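Chain and residue survey
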Amino acid sequence: MYNLIRPLIFQFNPEQAHNIGVFLIKNGFFNFYRSEIDKKLAVKVADINFPSPLGLAAGFDKNAEMFHEFYKIAFGFVETGTVTPRPQDGNPKPRIFRLQEDMALINKLGFNNVGLDSFVSNIISNKPNESSQKIGANLGPNKDSENRIEDYIEGLKRVSSIVDYITINISSPNTPDLRDFENSNITELLGEISKNRLNSIPIFIKISPDIEDKRIGFIIESCVKHGLDGLIISNTSKERSFGLKSKNIDKDGGLSGNPILNKSNQKLSYAYGIAKDSLPLIGVGGISSGADAYKKIKLGASLVQIYTSLVYQGPSLVRKINDDLVDLMRIDGVKSLSEIVGTGKVSFK
Ligand SMILES: Cc1cc2nc3c(=O)[nH]c(=O)nc-3n(C[C@H](O)[C@H](O)[C@H](O)COP(=O)(O)O)c2cc1C
């Protein structure tokens, strides 16, 4: 069905199309795509039992208004946000661009969101009483904040008791200088986070695919030292040298989708070589099939997430990836996906 309506939706600009999608999703569109998760896909990561390792990446449900609908289509978890303490409009429009020939997007949204007050009440009112599927909250600072670390801490305090995990987003390319946290500022940030933790809720750090390898090692060391629980690799890329074919390649912002798969995989694989069992990794960037997801797991991801491929392939992709993972497990004689995390040797171009 999505194949039929996609050309229609793509008549609209990407942000209008997103808003139409939101309207449809909030009004029961996913009832047509309901699917159950095979028990074989269950994994335990950072002490959380995920029914499937496949999650929705941050940025689709920025305001936590429809994560429960995504549970219907068999995501193991949904990462809501990025949310900032105060509501924020984000950058001027247009700020999302399709690169259709490349199955990619460029966005420079700049953390448009409703702010923590509405975000928290949305989570409380939308959270199903009983669900094995998990919710994460991705936190960021306001663009005009005088103290960005305090913004993260405020988010931490407000959501710690209502979600299953928290992500500290230090890698959006669309908030000026945010990625500075990937450099020297990381020590102070992680120190403050571990000091201000209210409970044992797992906290992940999300990094960019453009990060230098030597910084990855330092960040992993700092995460372990400060008792953080995972690293998400990766956010969108500022790089454009992927042989892109579409006309929108010159747009500012973060590139996502197929073109960043290899780069993001390289960073994941490099990180796994350092982290091994000391820090779980969450692989995101360019996944568009079960085979891509399986490969990320073999490269070291304990969990995986998707965003852009969902826009191009529609909601049935989630079931397809789950089904393909089960098939690949059967072919390889694997009982649990945890067995194969980091076992794959893959050579990169
Ligand atoms: C339109 C759009 C908005 C996004 N917003 C956020 C965000 O608010 N916070 C965040 O951490 N990542 C955000 N991302 C990045 C995704 O979570 C993901 O890391 C990235 O798109 C790579 O995955 P993909 O290739 O499967 O899309 C956004 C991505 C897109 C395409």
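Conventions adopted
- Residues numbered from 1 in each chain as written.
- Predicted model: local features only at pLDDT ≥ 70, side-chain atom pairs only at ≥ 80, totals over all residues.
- Helix = DSSP H or I, 4+ residues; strand = E, 2+ residues; numbered from the N terminus.
- Rg over C-alpha atoms; globule rule 2.2 N^0.38 Å.
- Buried ≥ 20, exposed ≤ 12 C-beta atoms within 10 Å, placed from the backbone.
- Contact = placed C-beta atoms within 7 Å.
- Pairing = 2+ DSSP bridges.
- Axes fitted to C-alpha atoms, helices over the stretch in contact; angles between N-to-C directions.
- Core = buried A, V, L, I, M, F, W, Y, C linked by C-beta atoms within 7 Å.

Our next topic: the overall build of the protein chain. From N to C terminus, the protein chain includes eleven helices and 13 strands. Against the 2.2 N^0.38 benchmark of 20 Å for 349 residues, the protein chain shows a C-alpha radius of gyration of 19 Å, consistent with a compact globule. By principal-axis analysis of the C-alpha atoms, the protein chain measures approximately 50 × 50 × 45 Å. Taking all 349 residues of the protein chain together, the buried fraction comes to 49%. Here the contacts in the protein chain between residues at least 6 apart in sequence split such that 76% fall between residues at least 24 apart.

Most of helix α9 (residues 290-299) sits inside the fold, with eight of its ten residues counted as buried. Among the residues of α9, D292, A293, Y294, K295, K296, I297, K298 and L299 are the ones counted as buried. Residues of α9 that are buried sit in contact with β3 (54-56), α8 (261-275), β12 (281-284), β13 (301-306) and α11 (316-332). Residue G300 follows α9 closely and has a positive phi angle near 135°.

Let us now look at the sheet that holds strand β5 (residues 96-99). An order of β5-β6-β11 is seen for the three strands of this open sheet, with the pairing classed as antiparallel. Looking along the sheet, the strands with just one partner apiece sit at the ends: β5 and β11 (254-257). Ignoring which end each strand starts from, the neighbouring axes of this sheet average 25° apart.

If you look at the biggest cluster of nonpolar residues, it comprises 95 residues, and the most contacted ones within it are F75, I166, I205, L231, A271, L281 and A301. Take this core: its biggest share by element is five residues, from α8. Excluding residues that lie within four positions of it along the chain, L281 makes contacts with G230, L231, I233, L268, A271, Y272, A275, G300, A301 and S302.

The next thing to look at is the sheet that holds β3. Taken in spatial order, the eight strands of this closed barrel run β3-β4-β7-β8-β9-β10-β12-β13, and their pairing is parallel. With direction set aside, neighbouring strand axes in the sheet form an average angle of 30°. The pairing of strand β9 (residues 203-207) with strand β10 (residues 230-233) spans four bridges and is classified as parallel. Following the sheet pairing, F204 is matched in β10 by G230. Against the sheet, α9 makes contact with β3, β12 and β13, and its axis sits at roughly 145° relative to β13, the strand it touches most.

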